[in-house]
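An overview of the molecular structure
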Amino acid sequence: KNMMNFIYGHSLYQIFVILLLTFGADVFIPEFGADIRAADGTSVRYSSNGKYMRSGRYYYVNKDEEDYLPYLVDYGPSRHFTLVFNTFVMMQILNFFNSRKLNDELNIFEGLLRAPVFCLIVVLIVGLQIIIGRFGNKPLNISYDGMNILHWLIGLGFALGEWVIGFILKFIPETKCCQAGNSMSDPINQTSSILNIKRPSSKRALERKYTPTLMTAGRGKSMTTLQQIVNRA
């Protein structure tokens, strides 16, 4: 139940953040840097009010007209969707730390220094994400100019919400958590029926396996001798 609580809670938070950024970043995420204008005079960096990040959606949500699509070829992927992608990845990275504790321990950093492989993996992923977010460009559908440092901090702020959500979920009683399946099981002490499936090592299976060879190699020998060979096998 704790694991299902963890999965549902963090999934709902991530869905909320991604939808919020995808459909609302152009009305509350500030833009930083010099404006870039297309040949028709439309800004490809700032929204229509000249203050917030321009929408990277190909079409308008409420009408059947092109939004960013006409500028995609000349100006590349938008900063808007670069921010969405970067925020999503950082949420997964910070959620690694939540995943280290499954029994409602409050300190998710306990024993962190005793897990050098975990630390190395996190550092490598963060380093790779920084490289992709800055130099990914068109092959990885990343904005040509990458993201401003303040955009990185905004994405990190949303990602830190994973730790807040994880902390809150620990105070939900197990009796209130949803359950997957109709029966309770103990995966540690309960014997698995799948693992108990034996290889074909029974006497009958060995007889079927070795009889052709024994009949060829054991011509002239009694059936008792052949049976003893099977038993030894």
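Up top is the structure these notes are about.
All of the points below concern the structure found in this document. On a predicted model such as this, the values are computed, not experimentally measured, just so you know.

1. Let's talk about the overall build of the chain
Helix and strand content of the chain: seven helices and zero strands. If you list the helices and strands of the chain from N to C, you get α-α-α-α-α-α-α. Taking all 233 residues of the chain together, the buried fraction comes to 34%. Partitioning the contacts of the chain with sequence separation of at least 6, the portion at a separation of at least 24 is 62%. When the accessible surface of the chain is split by element, carbon and sulfur atoms take 62% of a total near 15,300 Å².

2. Overview of unusual backbone geometry
One non-glycine residue with positive phi stands out, namely Asn-141, at about 60 degrees. Of note, Asn-141 is situated in the loop between helix H4 (116-135) and helix H5 (149-169). The exposure class of Asn-141 is partly exposed, given its relative accessible area of 46%.

3. Details of the pattern of salt bridges
Evaluation of the coordinates by the stated rule reveals six salt bridges. Of the charged contacts, one joins Glu-31 and Arg-79 as a salt bridge, the two residues approaching to 2.6 Å between their closest N and O atoms. Here the residue Glu-31 occupies a position in the loop between helix H1 (2-28) and helix H2 (72-75), and Arg-79 occupies one in helix H3 (residues 79-99), the gap between them amounting to 48 residues. With a relative accessible area of 6%, Glu-31 lands in the buried category. Among the ionic pairs, Asp-67 bridges to Arg-54, the shortest N-O distance being 3.1 Å. One end of the pair, Asp-67, is in the loop between H1 and H2; the other, Arg-54, is in the loop between H1 and H2, with 13 residues separating them in the sequence. By the burial criterion, Asp-67 is buried, and Arg-54 matches it.

4. Describing the nonpolar core
Formed by 23 residues in total, the largest nonpolar core has its most connected members in Val-17, Leu-21, Ile-29, Phe-97, Phe-118 and Phe-158. Going through the elements one at a time, H1, H3, H4 and H5 are the ones with two or more residues in this core. The greatest single-element share of this core, amounting to eight residues, is contributed by H3. In this view, Phe-118 contacts Phe-96, Phe-97, Arg-100 and Leu-112; residues no more than four positions away in its chain are not counted. Core analysis: the second largest hydrophobic core is formed by five residues, Ala-38, Val-44, Tyr-71 and Leu-72 among them.

5. Considerations on the packing of aromatic side chains
Tallied over the entire structure, the rule returns six aromatic pairs. Ring centres 6.3 Å apart and planes at 70 degrees place the aromatic pair Tyr-68 and Tyr-71 in the edge-to-face group. Both residues of the pair, Tyr-68 and Tyr-71, count as buried. Between the aromatic rings of Phe-109 and Trp-163, the centroid separation amounts to 5.2 Å while the plane-to-plane angle is 85 degrees, which identifies the pairing as edge-to-face. Pair noted here: Phe-109 is in the loop between H3 and H4 and Trp-163 is in helix H5, with a separation of 54 residues, a long-range link.

6. Digging into the packing of H3 against H4
Between H3 and H4, the least distance of the axes is 11 Å, while the angle of their chain directions is 175 degrees. What the angle tells us is that H3 and H4 run roughly antiparallel. Along its contact with H3, which presents Phe-85, Asn-86, Val-89, Ile-93, Phe-96 and Phe-97, the element H4 presents Phe-118, Val-122, Ile-125, Val-126, Gln-129 and Ile-132. Across the contact of H3 with H4, the residue classes break down as 10 nonpolar, two polar and no charged.

7. Some remarks on H5
The first and last C-alpha atoms of H5 sit 31 Å apart over 21 residues, in line with the 30 Å expected at 1.5 Å per residue. If you check which residues of H5 are buried, you get His-151, Trp-152, Gly-155, Phe-158, Ala-159, Gly-161, Glu-162, Gly-166 and Leu-169. Looking down the long axis of H5, one finds its buried residues gathered within 155 degrees of arc, a one-sided arrangement. Summarising the contacts, the buried residues of H5 are in contact with H1, H3 and H4. The distance from a side-chain oxygen at the start of H5 to the backbone nitrogen of Leu-150 is 2.8 Å, and the residue carrying that oxygen is Asn-148.

Parameters at a glance
Residues numbered from 1 in each chain as written. Predicted model: local features only at pLDDT ≥ 70, side-chain atom pairs only at ≥ 80, totals over all residues. Heavy atoms only, no water. Helix = DSSP H or I, 4+ residues; strand = E, 2+ residues; numbered from the N terminus. Buried < 20%, exposed > 50% of the residue type's maximum accessible area, 1.4 Å probe, protein only. Contact = heavy atoms within 4.5 Å. Areas by Shrake-Rupley, 256 points an atom, 1.4 Å probe, with all protein chains shown as cover. Salt bridge = Lys/Arg side-chain N within 4 Å of Asp/Glu carboxyl O. Core = buried A, V, L, I, M, F, W, Y, C linked by side-chain atoms within 4.5 Å. Phe/Tyr/Trp six-rings, centres within 6.5 Å; stacked < 30°, edge-to-face > 60°. Axes fitted to C-alpha atoms, helices over the stretch in contact; angles between N-to-C directions. Parallel < 35°, antiparallel > 145°, perpendicular 65-115°, else oblique. Nonpolar A, V, L, I, M, F, W, Y, C, P; charged D, E, K, R; others polar. Expected span 1.5 Å × (residues − 1). Arc of directions from axis to C-beta. Polar contact = N/O pair within 3.5 Å; in protein donor to acceptor, adjacent residues only side chain to side chain.

Bear in mind that shape data such as this cannot, by itself, settle questions of function.
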